[in-house]
Every structure is written in C-alpha cells, then in structure tokens.
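# An overview of the molecular structure
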Amino acid sequence: MFDFGRWQALAWLGLFIAAPPFWTAMLVVNRAAIPRHETRVRVRRLGAAVLLALAVLLVVLAVVLWADPAAGVRVLPFEPSPLGGRFIGCWSAFLAVMATWAALRPSEAKLPLIALVAYPAGALVAGLRSLPDLPP
C-alpha cells in the first residue's frame, strides 16, 4: 500500500498516470511535424525485426504479470506483489507500444527509442538503489 504522506509516492503516482497519455500525445503531435522524407533516426530491417521481437516479449511479460503477478519471480530478481506485478505489466505493455511504433514508423522512431532506453534505465537505477532491501 502506498504511503500518500510521502512526496515520492505522489510523484510516482503522477508519473504512472501521466506518462502513457503524454507519450501518446507526443507521438501524435510530432507525427504531423515530421516530413515524410526526413529519416534522421532510420530503423533498418534488422532493427525493426529486433524491435518487433522486443515488443512481442514485452506483451507476453505484460499478459503473464496481469494474469499472475507472482509468476514474475521467474523473470525478475524478486517476487512482485500483486499490485506491483500488474504495474510492471502495464509498463511492459507501454514499452511494447513504443517498440512497435519505432519498428513500423521509422521516420518517427526517435521519441519511442528514447522511451525504450529511459524507462528501463530509470527502473534499473531504482532497482539498484533498492537492492539491499530485496530478500535473497
């Protein structure tokens, strides 16, 4: 359960609620601003295949965690709580959308690729910070 008396809990809740609509709006708004011939970040066929494979893996992870959050212990370094496992599933689904967008719309890949790096990097930093608190 969240301790809503802490600013960190409120910040996390705000980030969780605001991130998917923010990224969706950024993709839609920036779509019109990108000329069709511009391909600053070019995703080649192999890159697109890797991104689509990543999207499939993320969707599978999301479905598994939504159905049985405790099953996350097989792929995570800890057993998530039911709510935590479902949150991780939601973020996995969000990242799957970003990977799919980058693979299918190479001229618009820059923003989704940033999300695909930034969010897991943030989770890794948070995990490393909390590593001593995890049971063996």
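This report concerns the structure included in the present document. (Residues numbered from 1 in each chain as written. Predicted model: local features only at pLDDT ≥ 70, side-chain atom pairs only at ≥ 80, totals over all residues. Heavy atoms only, no water.)

## Some remarks on the overall build of the protein chain
- When helices and strands are counted, the protein chain shows four helices and zero strands.
- Along the protein chain, helices (α) and strands (β) appear in the sequence α-α-α-α when read from the amino end.
- The buried share of the protein chain, reckoned over its 136 residues, is 26%.
- The contacts in the protein chain between residues at least 6 apart in sequence include a share of 63% that link residues at least 24 apart. (Helix = DSSP H or I, 4+ residues; strand = E, 2+ residues; numbered from the N terminus. Buried < 20%, exposed > 50% of the residue type's maximum accessible area, 1.4 Å probe, protein only. Contact = heavy atoms within 4.5 Å.)

## Focus on the side chain of S92
- Summarising the element assignment, S92 is placed in helix α3 (residues 82-104).
- Assessed through its relative accessible area of 5%, S92 is described here as buried.
- Setting aside its immediate chain neighbours within four residues, S92 contacts L58, L61 and A62.

Purely geometric numbers; function is a separate question.
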